[in-house]
Amino acid sequence: MPGILILDDDPDVALAARLALRKLGPVAVRHAPAELPAALDDIAPDVLLLDMNFTPGASDGAAGLALLRDVMARQGQAAAPAVIVMTAYAEVELAVQALKGGAVDFLTKPWANERLVACVQAALARRAPAPGGAGELLGESAAMQSLRAQIAQVGASEASVLILGENGVGKELVARALHAASPRAAGPLLAVDMGALPEALVESELFGHRRGSFTDARESRPGRFVAAAGGTLFLDEIGNLPLPQQAKLLAALERREVTPLGSDRPVPVDVRVLAATNVAEAELFDARRFRPDLLYRLNTVVLRVPPLRERGAADIALLLRHYLAQFAQRPVEVTPDALAQLTAYGWPGNVRQLRQACERAALLARGPVFTWADFGLGGMAPPAQGVPWSAPRGGGDARGGDPTGTSPTRADLGRPGVRPEHLGSSGLDLQQREREAVQAALAQADGNISQAAKLLGVSRAALYRKLDKHGL
Ligand SMILES: Nc1ncnc2c1ncn2[C@@H]1O[C@H](COP(=O)(O)OP(=O)(O)OP(=O)(O)O)[C@@H](O)[C@H]1O
């Protein structure tokens, strides 16, 4: 279960947040900044909700920014949480500073609970970048080399980029790499997960609102376009944006200005927009679902991130080495059988699922030699023997050859884990396998959506869409 830590000296605020968030996982509360280091060590939270001021009357956020720096400094040593800072409504400058300092998001007090939950959910889905090679797009396959070359080429421009790919392939990493390669790198990169955002909040979230513009708008609030000024706005899961809001986003992009809800005064904005979706291209180009004029605004350049199963066994082995070295923090080995199965596995949740499987194995395996069962990916017949292999100590070169050299037999086709490209020629087989994977995850999780999503390595929102797609 993901852990959430709240650091706020106001017990009422902390309690309200704790109650709203407890359905997402265990929530711990601390009130004094001095308690933070020990709490980070003991709880190792996935998300930290950080207040910015701890002295009565203080509003400059200096204390919060200093704590944020301390948390960020831990990224090189241990898994650091994704930090969401909590500011008062008028502190937009402070929010921008915190985003530049590494916070993934900000909340203005008082918040709507719906917004708090959506914000933490989105942060949980993306967690802080992995320590060691943080944010590095690993992979030596031709597809990954070409992707890195394209990032270097378009990163430096102001072009809007549409990033396409299945869940967990690394679209957000690509967005971060584009931002880092751009002249806006010193500015904030603000990610907004359209999939996690309740429809009613989309506009106020993107464009901001004036106090009193709707029932919950107790205070004015800057939108994401304004908060990302001078930097990059990453609109994730753009395929989920409802049509009416698509029209408003298009207007904002065309005019390069936004009008907060309840205001009649447009505000100029200075952001580069990157967008991503896991929606298949054919669906995206369906005008009933997505406005073509908005699509053309967003897709000056299109980057396609390939699914993990198409990158070849060597890339899978490389990622396994990387994540096992990171999570195990001790020398470990993987049996040849397990490695053969892992590289032949379909990875419906792509790199995110692989990362979680490694984290699970590192936590739960009893000895230093990991078997297929340790990765928690379900039953599968052992493929042919592969080459022996072990994870490097403390990171290092994670390259590995294709250890399997096996093609599945007809009998393999009904089993989980066979690579979809081995299954017939049409995409129908892939859809069937996705459906089976979703059913299997739901069964394993006893119908619990959060758990099933975790098993599949996708967000809850993505799982809901898959349930809808497959009529489950
Ligand atoms: N090539 C890669 N090398 C190393 N880590 C990667 C790579 N690709 C993805 N990851 C890791 O996999 C996880 C999922 O990546 P990311 O969130 O970027 O995927 P996504 O495509 O944006 O997913 P979603 O569509 O669900 O939002 C992250 O932990 C990321 O660091």
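Residues numbered from 1 in each chain as written. Predicted model: local features only at pLDDT ≥ 70, side-chain atom pairs only at ≥ 80, totals over all residues.

The chain is annotated in an unreviewed UniProt entry as Sigma-54-dependent transcriptional regulator from Pelomonas lactea.

**Section: the site of the ligand**
By nearness alone, 21 residues border the ligand, and Leu138, Gly170, Lys171, Glu172 and Val351 come closest of all. Looking at the shell around the ligand, the elements with two or more residues in it are α7 (171–180) and α15 (350–364). Of the residues assigned to the shell around the ligand, the class counts are 8 nonpolar, 7 polar and 6 charged. (Near = placed C-beta within 6 Å. Helix = DSSP H or I, 4+ residues; strand = E, 2+ residues; numbered from the N terminus. Nonpolar A, V, L, I, M, F, W, Y, C, P; charged D, E, K, R; others polar.)

**Some words on the packing of helix α13 (residues 313–328) against α15**
Put simply, α13 and α15 touch, their axes get as near as 9 Å, and they point 40 degrees apart. Judged by the inter-axis angle, α13 sits oblique to α15. Like other packed secondary-structure pairs, α13 and α15 cross with a definite hand, here right-handed. For the pair α13 and α15, the contacting residues are Leu319, Leu320, Tyr323, Leu324, Phe327 and Ala328 in the first and Val351, Leu354, Arg355, Cys358, Glu359 and Ala362 in the second. The class makeup of the residues in the contact of α13 with α15 is 10 nonpolar, no polar and 2 charged. (Axes fitted to C-alpha atoms, helices over the stretch in contact; angles between N-to-C directions. Parallel < 35°, antiparallel > 145°, perpendicular 65-115°, else oblique. Left-handed = near helix turned anticlockwise from the far one by under 90°. Contact = placed C-beta atoms within 7 Å.)

**Comments concerning unusual backbone geometry**
Phi is mostly negative for residues that are not glycine, and the peptide bonds are mostly trans. The phi torsion at Arg256 lies on the positive side, around 55 degrees, for a residue other than glycine. Secondary-structure assignment places Arg256 in the loop between α10 (243–255) and β11 (257–258). The exposure class assigned to Arg256 is exposed, which follows from the 12 C-beta atoms found within 10 Å. Phi is positive for Trp347, close to 45 degrees, though the residue is something other than glycine. Tracing the sequence through the fold places Trp347 in the loop between α14 (336–344) and α15. On the basis of neighbour counts, which here come to 27 C-beta atoms within 10 Å, the residue Trp347 falls in the buried class. (Buried ≥ 20, exposed ≤ 12 C-beta atoms within 10 Å, placed from the backbone.)

**What about the environment of His209?**
Along the chain, His209 falls in strand β8 (residues 208–209). Along the primary structure His209 and Gly223 are separated by 14 residues, whereas in three dimensions their C-alpha atoms are 7.2 Å apart.

**A word on the sheet that holds strand β13 (residues 272–277)**
One open sheet holds the 5 strands; their spatial order is β7-β10-β13-β6-β14, and the pairing between them is parallel. Strands at the two margins of the open sheet, each flanked by one partner only, are β7 (189–193) and β14 (301–304). Direction aside, the axes of adjacent strands within the sheet are offset by 20 degrees on average. As paired strands, β7 and strand β10 (residues 232–236) are joined by 5 bridges and run parallel to one another. What sits directly across from Asp193, in β10, is Asp236. (Pairing = 2+ DSSP bridges.)

**Focus on α13**
Taking 1.5 Å per residue as the helical rise, α13 with its 16 residues ought to reach 22 Å, and the 22 Å between its terminal C-alpha atoms agrees with that figure. Within α13, 15 of the 16 residues are buried, which leaves the element mostly enclosed by the surrounding structure. Immediately downstream of α13, the backbone of Gln329 shows phi near 55 degrees, a positive value. (Expected span 1.5 Å × (residues − 1).)

**Overview of the nonpolar core**
Judged by nonpolar contacts, the single largest core of 114 residues is most densely connected at Leu50, Val83, Ile84, Val85, Ile163, Phe225 and Leu320. With residues up to four places along the chain from it excluded, the contact list for Ile163 reads Lys171, Val174, Ala175, Leu274, Ala276, Leu303 and Val305. Counting 11 residues, the second-largest nonpolar core is a separate cluster that includes Ala437, Ala441, Ala452 and Leu456. (Core = buried A, V, L, I, M, F, W, Y, C linked by C-beta atoms within 7 Å.)

**Focus on the pairing of strand β2 (residues 27–30)**
As judged from the 4 bridges shared by strand β1 (residues 4–7) and β2, these two strands associate in the parallel manner. Note on β2: the bridge partner recorded for Ile4 is Val27. At this point the chain moves from β1, through helix α1 (residues 11–21), to the parallel β2, and the crossover so formed is right-handed. (Right-handed = clockwise from strand over helix to strand, strands pointing away.)

**Side note on the UniProt feature "modified residue: 4-aspartylphosphate" (unreviewed entry) in the chain**
Mapped onto this numbering, the UniProt entry annotates "modified residue: 4-aspartylphosphate" (unreviewed entry) at Asp51. Summarising the element assignment, Asp51 is placed in strand β3 (residues 47–51). Excluding anything up to four places from it in sequence, Asp51 contacts Leu7, Asp8, Asp9, Gly64 and Met86. (UniProt positions renumbered as here; feature names shortened; annotations may be inferred.)

**Thoughts on the pairing of β10**
In terms of burial, β10 is a largely internal element, 5 of the 5 residues being buried. Alignment of β10 against β13, held across 4 bridges, turns out to be parallel. Residue pairing for β13: Leu233 is matched across the bridge by Val273.

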